[in-house]
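# Structural features, examined
For reference, the chains in residue letters:
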Amino acid sequence: MYGVELYRKVRLACHRDGMNVSEAARHFGINRRTVEKMLRHSVPPGYRRSKPPCRPKLDPFTGIIDTILEQDKSRHRKQRHTAKRIFERLRDEHGFEGGITIVSDYIRARKRQTREVFVPLEHTPGHAQVDFGEALAVIGGVERKVHFFAMDLPHSDACFVKAYPAETTEAFCDGHVSAFAFFGGVPLSILYDNTRIAVAKILGDGTRHRTQIFGELQSHYLFKDRFGRPGKGNDKGKVEGLIGFARRNFMVPVPRFDSFDGLNAWLEEKCLKRQGDQLRRHSETIEERLGRDLDALIDLPPVCYDACEKLGTQSNSLSLVRYRLNDYSVPVAYAHRDVLVRGYVHEVVISCGAETIARHERSYDRGEMIFDPLHYLALLEKKIAALDQAAPLSGWALPEAFNRLRRLLERRMGKQGKREYIQVLRLLESFGLDEVHAAVKQALELGAIAYDAVKHLVLCRIERRPPRLDLDVYPYLPKTDVGTTSAKAYMSLLGATA
């Protein structure tokens, strides 16, 4: 292959000095066709094939390779064919006699030809993208996986990130409510992937059927929804990039907090701090560009959406209600009743009709029974024999004064003492633990070991009046008999003096 220096000399001789092709060929010692090529190109054009190379061993099998590669597009990325595996299948199943190198070269070229090309996009103010990401965090001393909701405003690159124990319907809704409050408005439209939380079904023409709770959220805030193509995360590349950024910058090193509230307050500070950054290809900071986004947002409605999952169900004979594979207690008076469960991120609220009958801390484990001991006291008052084996009372951490009161009641009154102890515990249904505990301690000091005495002392503390207990009415108080002293008893003293 001739270099650019010879090209320069030949072209000067022919175009400037008037030398023809034959003379130039003789003068420079090259072929006439080479001179003609040099006159057509100012620099060496390189080797160019006039037709594709012939591959007699591989060409009969390229259709099979193309079919395998096309089928792999619908498979999990970690379970697709490698070049080695395709070569083995061609050899074992189709009688291919060539080597692995030509197969690998063809697959590499074929994948390069089919790689997707993207169009640069311009993002107008007032629109958003939403997705969930995953990371590790230490919450309450335990390392666990957290799922963080991420909302990105592509025009300004402003972001909002909030962590949750799981990617659930209530977390999805709560994330939107919190993000709208953070930005002070609602985006005109939000782009999603095809999460089952929002999309119940995708029809053949691409139409989406929304889930009921997503329809409620959208109706409450009046934003439009948009959905990316199934399996195409690049359709919402901004929020995908935000998830990676948040994981690398907010979650490294692994954050440690006592609760999710502490972690989310810290994440909100990080999002606010990032608004001072100036990103590449922009002359303005995120905060400066955010102003245009905020001007385009929809005003917030007067009332926030109730971000929870609603489930109608029935309480069973154990006065338990099942929600997300866990059982939560309700008062025994509501056993065998139709109830409504509202599952929030950190709380489960159960109501019957218009009345809220139970509140519990949300559990994300499986097969747990979450009890409120107060729910079973009315039943235990009737079924005293079950007191010592009652699961709802197991692990109920009451002050030591309660245990002492129970021992004294049972020792002095037997079975009736157990019933009176349950009646004392039932005071917690109406009064706070501090008031009842103080009354129990005062009753122990006075020796008034009975339910009515404790109740009287509780009411006196709340009403701020002195107690008026007639200790003679308590037959279980220890009695002391003092005999009358005889005058003759003093004679021994006189005798001792004499």
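Residues numbered from 1 in each chain as written. Predicted model: local features only at pLDDT ≥ 70, side-chain atom pairs only at ≥ 80, totals over all residues. Heavy atoms only, no water.

## Describing the sheet that holds strand β10 (residues 320-323)
Rule in force here: Strands qualify as paired when DSSP identifies two bridges or more between them. Each helix corresponds to a stretch of at least 4 residues labelled H or I by DSSP, and each strand to a stretch of at least 2 residues labelled E; elements are numbered beginning at the N terminus.
The 3 strands lie next to each other as β10-β11-β15, forming an open sheet whose pairing is mixed. At either end of the open sheet lies a strand with only one pairing partner, and these are β10 and β15 (369-370). Pairing analysis gives 2 bridges linking strand β11 (residues 326-329) to β15, with the strands arranged parallel. Considered in β15, the bridge of Asp327 is made with Met369.

## Considering the layout of surface pockets
Here is the rule we go by: Definitions used throughout: a 1 Å grid over protein atoms alone; a cavity as a set of points that fits a 1.4 Å probe which cannot get out; a pocket as an open set with protein on both sides within 12 Å along at least five of seven lines; a lining residue as one with an atom within 4 Å of a point. Grid points are joined across faces, edges and corners, and a volume is the space filled by probe spheres set on the points.
In this model, the largest pocket occupies a volume close to 770 Å³. Lining the largest pocket are 30 residues; nearest its centre among them are His123, Pro154, Asp157, Lys238 and Arg281. Of all the elements, helix α9 (residues 237-249) adds the most residues to the lining of the largest pocket, at 5 residues.

## Observations regarding unusual backbone geometry
With an omega dihedral of -5°, the bond running from Val252 to Pro253 counts as a cis peptide bond. Mapped onto the elements, Pro253 comes out in the loop between α9 and β8 (256-257). Its identity as a non-glycine residue notwithstanding, Arg281 has a phi of 70°, on the positive side. Positionally, Arg281 belongs in the loop between α10 (260-274) and α11 (286-296). The residue Arg464 is not glycine, and still its phi comes out positive at about 55°.

## Observations concerning the pairing of β11
The following threshold applies: Each residue is assigned to one of three classes by its accessible area relative to the maximum for its type, calculated with a 1.4 Å probe on protein chains only: buried under 20%, partly exposed between the two thresholds, exposed over 50%.
Side chains Asn326 and Tyr328 project from β11 onto one buried face, and the interleaved Asp327 and Ser329 project onto a second face that is buried too. Alignment of β10 against β11, held across 4 bridges, turns out to be antiparallel. Its bridge partner lying in β11, Leu320 is registered against Ser329.

## Considerations on α9
Defined as follows: Take the residue count of a helix, subtract one, and multiply by 1.5 Å to get its expected span.
The first and last C-alpha atoms of α9 sit 18 Å apart over 13 residues, in line with the 18 Å expected at 1.5 Å per residue. Those residues of α9 that fall on the buried side of the exposure criterion are Val239, Leu242, Ile243, Gly244 and Ala246.

## Remarks on the pairing of strand β3 (residues 158-164)
Of all 7 residues in β3, 7 are buried; the element is thus mostly enclosed. Of the two faces of β3, the one carrying Ala158, Phe160, Lys162 and Tyr164 and the one carrying Cys159, Val161 and Ala163 are both buried. Two elements, strand β2 (residues 142-153) and β3, share 7 bridges in a ladder whose sense is antiparallel. When the sheet's bridge partners are listed, Phe148 is paired in β3 with Ala163.

## A few points about the packing of aromatic side chains
To be explicit about the condition: Each Phe, Tyr or Trp ring (for Trp, its six-membered ring) is paired with any other whose centre lies within 6.5 Å, and the angle between the two planes then decides the class: stacked below 30 degrees, edge-to-face above 60, tilted in between. Charge-over-ring placement is defined geometrically: NZ (Lys) or CZ (Arg) within 6 Å of the ring centre, and within 35 degrees of the ring normal.
Across all of its chains, the model carries 16 aromatic pairs by this definition. Arranged with centres 5.1 Å apart and planes meeting at 75°, the rings of Phe182 and Phe183 form a pair that is edge-to-face. The exposure class of Phe182 is buried, given its relative accessible area of 18%. Note on Phe183: relative accessible area 8%, which makes it buried. On the numbers, 5.6 Å between centres and 45° between planes, the contact of Phe257 with Trp266 is tilted. Three or more aromatic residues link up through ring pairs in this structure, and these residues are Phe172, Phe180, Tyr192, Phe214, Tyr221, Phe223 and Phe227. Here the guanidinium or amino end of Arg274 rests over the ring plane of Phe245, the centre of that ring lying 4.5 Å away.

Shape is all these values report; function is a separate question.
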